[in-house]
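Survey of secondary and tertiary structure
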Amino acid sequence: MKAIYYTLIISLLPTAIAAQDIDSYAREIALRNPEVLAAKHNYESQIEGFRADNTLEGLEVDFGYKFSNVSNDDNKWGISVGQSFDWPGVYSARKKSNTYRAEAFENLYRGELLKSALEIKQLLLNAAVAQQKADILAEAQANIDRLTAAYNRAYEQGEATILEVKKLSLQSFEISSQYAKAQAEADAFKSTLKALNGNEEVVIPSHLDLPPLLPYHVYQSQLIENDPIVAANDKLQHSAAAEISAGRRSAMPSFKIAYTHDYEERSHFNGFSIGFSLPRWSNKHSIRAAKAAAEAMNYDEYSMRRNAEMSSDYALATRLASRVENAKAVFDNDDYTQVLTKALDGGKLNIFEYLREYNDYLEARAEYVELQGQLALALASLNRYNLLRL
């Protein structure tokens, strides 16, 4: 039986797929995400609405006509064109508020983009892991099939037993079932990504993104300096302060200046009028509401939650990085399957021992890929702000 094994050198390295800059690729897909586009249009429409509210009202035109009950006496009529104004400073305060609000909405949009890009990157990494595990099983399937064919020929020549042949057939069936499940999982990730990418096919990265783990304070600094939600909170606080100022000024009287033209007793009169409204004392409720909004517009809870997530991700990444580093010595430049084949060829292992060792190796290899995937996900969460860099 020695001659039938020499060609059965098994390689379990994942099939090569076109390499991608995963961060820019995830951001590119996120920019086409319907939810992100909807958020962008929503924020744009809101800010346009706020700006529209801070413009002067339209000109007011009044016309009056009075009928005389005295015969041969002329009727009287008059026309006026006027413009109303809020208390001085209201428009500038609202403009300042809208400027901060626009900057806040831009950051909120970037927050939606970041959230979507991170989810897409995680999907890409999960898809890469699933595809690598499927590729391992596909390669194993091909080699087991070749081994089965060799044993069938040996059985026909009386050099192998029916038990050996059937055992290989069972192994082939088991691996094919595992491959079908693994490929279905990879295809499910691809389908989800395709839907997020405007129904266009997505290229799955051929490698897992495993950047070096940086000191914890670096990630904390990135949260403070680069998190768009934190930046949005700062702008919303300033916007609320400006709204409070505008609310106070809005409670003061408003003014109206008008040009008037009257006709009376066969004479025309030109002039102007100035009017003002009484203070709107009920406006205090809107001031209080603005104050409440300013007090509520803080993201302490968000920052605490993000710090807790970051701490958890960092602890997980530290543990996983150590395990991956230890496993590299076993799986990088791996020749274990070749050693197994030589042992089978040299008669040191029978086919049953070989298959048992082979199955153990397949499980270990898949676990190593899964371990790398978990580390890649933890690092992706820690390095999420890189997704916003152009």
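Here the residue index of a chain counts from 1 through its sequence in written order. Reporting in this predicted model follows two pLDDT cut-offs: at least 70 for local features of residues, and 80 or more for side-chain atom pairs to be given and counted; totals over whole chains, interfaces and linings ignore these cut-offs and use all residues. Side-chain numbers come from the whole structure's heavy atoms, not from hydrogens or water.

Taken together, the side chains of Glu174, Asp360, Glu363 and Glu367 present a region of like negative charge at the surface. Helix numbers and strand numbers start at the N terminus; a helix is a DSSP run of H or I with at least 4 residues, a strand a run of E with at least 2. Ranked by the residues each element gives to the negative patch, the list is headed by helix H10 (residues 351–382), at three residues. Each patch is built from residues lacking any salt bridge and having more than 30% relative accessible area; the joining distance is 9 Å for like charges and 5 Å for nonpolar side chains (Val, Leu, Ile, Met, Phe, Trp, Tyr). In these tables, accessible area is a Shrake-Rupley quantity obtained with a 1.4 Å probe, and a residue counts as shielded only by the protein chains included in the view. Salt bridge criterion: a side-chain nitrogen from Lys or Arg within 4 Å of a carboxyl oxygen from Asp or Glu. Charge assignment: positive for Lys and Arg, negative for Asp and Glu; neither His nor the chain ends contribute. For the purpose of locating charges, the reference atoms are NZ of Lys, CZ of Arg, CG of Asp and CD of Glu.

Each pair of strands is called paired provided DSSP finds at least two bridges between the two strands. Spatially, E1-E2-E3-E4 is the arrangement adopted by the four strands of the open sheet, whose pairing is antiparallel. One side of each edge strand has no neighbouring strand; the edge strands of this open sheet are strand E1 (60–66) and strand E4 (267–276). Pairwise comparison of adjacent strand axes, ignoring direction, gives a mean angle of 15 degrees for this sheet. As paired elements, E1 and strand E2 (residues 76–85) share seven bridges and run antiparallel to each other. Bridged to phenylalanine 63 within E2 is isoleucine 79. Angles here are taken between N-to-C directions and fall from 0 to 180 degrees, while the axes themselves are lines fitted to C-alpha atoms, restricted in helices to the stretch in contact.

Working note: a packed helix pair is described by the angle between its axes plus the distance between those axes. Look at helix H4 (residues 162–196) against H10: their axes get within 10 Å of each other, and the N-to-C directions meet at 15 degrees. Here H4 lies roughly parallel to H10, going by the angle between them. By crossing handedness, the relation of H4 to H10 is classed as left-handed. Taken together, the residues of H10 that come into contact with H4 (itself represented by Leu163, Glu164, Lys167, Leu168, Gln171 and Ile175) are Ile351, Phe352, Leu355, Tyr358, Asn359 and Leu362. An angle below 35 degrees is read as roughly parallel, one above 145 as roughly antiparallel, one from 65 to 115 as roughly perpendicular, and any other as oblique. When the near helix sits turned anticlockwise from the far one by under a right angle, the crossing is termed left-handed; a clockwise turn instead gives a right-handed crossing. We call two residues in contact whenever any of their non-hydrogen atoms come within 4.5 Å of each other.

This part is about the pairing of E2. Note: E2 against strand E3 (residues 255–264), nine bridges, orientation antiparallel. Within the sheet, the bridge partner assigned to serine 80 lies in E3 and is threonine 260.

Once that is clear, we can look at the nonpolar core. Proteins that are soluble and globular tend to have nonpolar side chains buried together. Core analysis: the largest hydrophobic core is formed by 75 residues, its most contacted members being Leu124, Tyr151, Leu193, Ile351, Tyr354 and Tyr358. Broken down by element, this core gets its largest block of residues, 24 residues, from helix H3 (residues 90–156). Working definition of a nonpolar core: buried Ala, Val, Leu, Ile, Met, Phe, Trp, Tyr and Cys residues. They are joined through side-chain atoms within 4.5 Å. Residue exposure (1.4 Å probe, protein chains only): buried if accessible area is under 20% of the type maximum, exposed if over 50%, otherwise partly exposed.

What follows covers the pattern of salt bridges. Opposite charge on two side chains makes pairing possible when the charged atoms of those side chains draw close. For the coordinates displayed, the defined rule picks out 10 salt bridges. Measuring nitrogen to oxygen at the nearest pair gives 3.0 Å for the salt bridge that ties lysine 133 to glutamate 370. Taken as a pair, lysine 133 in helix H3 and glutamate 370 in helix H10 lie far apart in primary sequence, 237 residues in all. Judged by its relative accessible area of 32%, glutamate 370 falls in the partly exposed class. Salt-bridge contacts for glutamate 325 lead to lysine 328; the nearest nitrogen and oxygen are separated by 3.8 Å. Highlighted residues: glutamate 325 and lysine 328, both in helix H8 (residues 300–331), separated by three residues, approximately one helical turn. One network of salt bridges, with partners in common, ties together Glu60, Asp62 and Lys256.

Our next topic: the packing of helix H9 (residues 336–345) against H10. Look at H9 against H10: their axes get within 10 Å of each other, and the N-to-C directions meet at 175 degrees. As the angle between them shows, H9 and H10 are arranged roughly antiparallel. In this structure, H9 uses Tyr336, Thr337, Leu340, Thr341 and Leu344 to contact H10, whose residues at the interface are Ile351, Tyr354, Glu357, Tyr358 and Tyr361.

A few words on helix H2 (residues 34–53). Between the first and last C-alpha of H2 there are 29 Å, a value that for 20 residues agrees with the 28 Å anticipated at 1.5 Å per step. Those residues of H2 that are buried are in contact with helix H1 (22–31) and H3. Two N or O atoms count as a polar contact when they lie within 3.5 Å, although within protein this holds only if one can serve as hydrogen donor and the other as acceptor, and sequence-adjacent residues are included solely when both atoms are side-chain atoms. Its side-chain oxygen 3.1 Å from the backbone nitrogen of glutamate 35, asparagine 33 forms the N-cap of H2. Take the residue count of a helix, subtract one, and multiply by 1.5 Å to get its expected span.

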